[in-house]
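Fold and contact review
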Amino acid sequence: MTTYIIRRLLLSIPVLFGILFATFALARLIPGDPCRAMLGEKATKVVCDEFNHRHGLDKPIVFQFGVYVNEIAHGDFGNSFRYSKPITELLMERLPITVELSFAALLVSILVGIPLGVISAVRHNSWVDVVTMMWANVGVSMPVFWLGLMLAYIFALTLKDTPFQLPPSGRLSAGIVTVPFFETWGMEISQGKFGFTLLDFLSRMNLLNAVLTANWELFKDALIHLILPAVALSTIPMALIARMTRSAMLEVLGQDYIRTARAKGLARRAVILKHAFRNALLPLATVIGLSLGGLLGGAVLTETVFNLSGVGRILYDGITARDYGIVQGFTVVIAMFFVALNLIVDISYAYLDPRIRLN
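Overview of the structure. Please read these numbers as outputs of a predicted model, since none were measured by experiment.

**Focus: the pattern of salt bridges**
Applying the stated criterion across every chain, the model contains three salt bridges. Note that R246 and D129 form a salt bridge whose closest N and O atoms lie 2.7 Å from each other. In this pair, R246 sits in helix α11 (residues 216-253) while D129 sits in helix α6 (residues 127-141), placing the two residues 117 residues apart along the sequence. Relative accessible area serves as the criterion here: at 16%, R246 is assigned to the buried category. Note on D129: relative accessible area 4%, which makes it buried. When the shortest N-O distance is used, the salt bridge between R259 and D256 registers 2.2 Å.

**Quick look at the nonpolar core**
Membership of the largest hydrophobic core comes to 37 residues, with the highest contact counts inside it found for L101 and M249. Sorting the residues of this core by element identifies α5 (87-122), α7 (144-158), α11, α12 (256-263) and α13 (268-305) as the ones contributing at least two each. The element that contributes the greatest number of residues to this core is α11, accounting for eleven residues. Beyond its immediate chain neighbours, meaning those up to four positions away, L101 contacts L226, P229, A230, L233, A299, T302, E303 and L308. Among the nonpolar cores identified, the runner-up in size contains 22 residues, and L20, F65, F77 and M205 belong to it.

**A closer look at a nonpolar patch on the surface**
A cluster of nonpolar side chains, namely F145, W146, L149, M150, Y153, I154, L157 and L301, defines an oily patch on the protein surface of about 780 Å² accessible area. Tallying contributions element by element places α7 first for the nonpolar patch, with seven residues. Within the secondary structure layout, W146 lies in helix α7. The class of W146 is partly exposed, set by a relative accessible area of 41%.

**Concerning the environment of N215**
Its location among the elements puts N215 in the loop between α10 (206-213) and α11. N215 sits 34 residues away from F181 along the chain, and the two C-alpha atoms are 9.8 Å apart. What N215 contacts, discounting residues up to four positions off in sequence, is V177 and A210.

**Concerning unusual backbone geometry**
Here D161, not a glycine, exhibits a phi torsion of approximately 65 degrees, which is positive. Structurally, D161 is set in the loop between α7 and α8 (181-184).

**Examining the packing of α10 against α11**
Close contact between α10 and α11 brings their axes to 8 Å; oriented N to C, the two are set at 160 degrees. In terms of their interaxial angle, α10 and α11 are classed as roughly antiparallel. Seen from above, α10 lies across α11 with left-handed handedness. In this structure, α10 uses N206, L207, N209, A210 and V211 to contact α11, whose residues at the interface are W216, L218, F219, A222, L223 and L226. By residue class, the composition of the contact of α10 with α11 is nine nonpolar, two polar and no charged.

**Some words on the packing of aromatic side chains**
Evaluation of the coordinates by the stated rule reveals three aromatic pairs. Taking 5.8 Å as the distance between ring centres and 80 degrees as the angle between the ring planes, the aromatic pair formed by F181 and F182 counts as edge-to-face. Comparing F181 with F182, the two get one shared label, buried. Considering the side-chain rings of F181 and W185, the 5.2 Å spacing of their centres and the 65 degrees angle between planes classify their relative orientation as edge-to-face. Classification of F181 as buried rests on a relative accessible area of 3%. Connected via pairs of aromatic rings, a cluster forms that spans F181, F182 and W185.

What counts, and where the lines are drawn
Residues numbered from 1 in each chain as written. Predicted model: local features only at pLDDT ≥ 70, side-chain atom pairs only at ≥ 80, totals over all residues. Heavy atoms only, no water. Salt bridge = Lys/Arg side-chain N within 4 Å of Asp/Glu carboxyl O. Helix = DSSP H or I, 4+ residues; strand = E, 2+ residues; numbered from the N terminus. Buried < 20%, exposed > 50% of the residue type's maximum accessible area, 1.4 Å probe, protein only. Core = buried A, V, L, I, M, F, W, Y, C linked by side-chain atoms within 4.5 Å. Contact = heavy atoms within 4.5 Å. Patch = residues over 30% accessible without salt bridge, like charges linked within 9 Å, V, L, I, M, F, W, Y side chains within 5 Å. Areas by Shrake-Rupley, 256 points an atom, 1.4 Å probe, with all protein chains shown as cover. Axes fitted to C-alpha atoms, helices over the stretch in contact; angles between N-to-C directions. Parallel < 35°, antiparallel > 145°, perpendicular 65-115°, else oblique. Left-handed = near helix turned anticlockwise from the far one by under 90°. Nonpolar A, V, L, I, M, F, W, Y, C, P; charged D, E, K, R; others polar. Phe/Tyr/Trp six-rings, centres within 6.5 Å; stacked < 30°, edge-to-face > 60°.

Here's what the structure looks like:
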């Protein structure tokens, strides 16, 4: 198993280099240039020449790529033209919102998708199975932006002044104050290389910060604001997980050892949960892990619909302003997360598969 993990780590190196090259090339292929996109009518030739020289955009492409790779290797994602701030600082401010939303959507997908898939497999060809699969097909087909607008319309307008009313935008209600958990604990932390630490990053996740500070008013308010975005974002992966769970369970339930367990008189619940479901987890681990990567991509659009100041909004601003730093930095970070997540999935798969674990 150690050899397998080392081989997967080495194979990820050219993948990361390809990601760096792709993000650098795609940013330069966007029509227009940063100077004219940001300054508009004020972007005279003299001003743009000075702007390009100041930001190194007048250098040869090969030289720019070398500088870019060197900065990434040192953990520096450069500076934003638009915001005049380091990309790392912008990531620290915005990425926690996206991560919190993605994990909340993944949790909803797992808690709803897996039970529905198991029930659908156990009640194969029944009305429950038909309804579940119809719902799964509809869920996969609904765009996130459309579903988000419909949920906001129903729960914010149609159900207004009812117990089911939910806020359609934002992270917290007006007047709710958040205090970082490390300040509540009286911790003194030194600033990191880029002006923040991991504790700063974690404290920007409202739910986690509320739990660590035992601020249940903050937790309730943050959770209420997160329901609609999480449900809208979780619909597609929830449907995929339900369908994959059903397929995996049906395959396992047809195996000889399941029939033997039933013939021995084991309780139906024990056969399904202890024997069948445990072995059906192997393909599910891959689907769930890769779904988190897809959720990060979907969160970009969901944040725009629900007016969340996460990666989606600033990435959109960066693209429209031809801000190479934001586009490259945010894309590379998300891509690196995909690679790391893929490694975790591979290792989990290797651990669950005895043919790999025993080697």
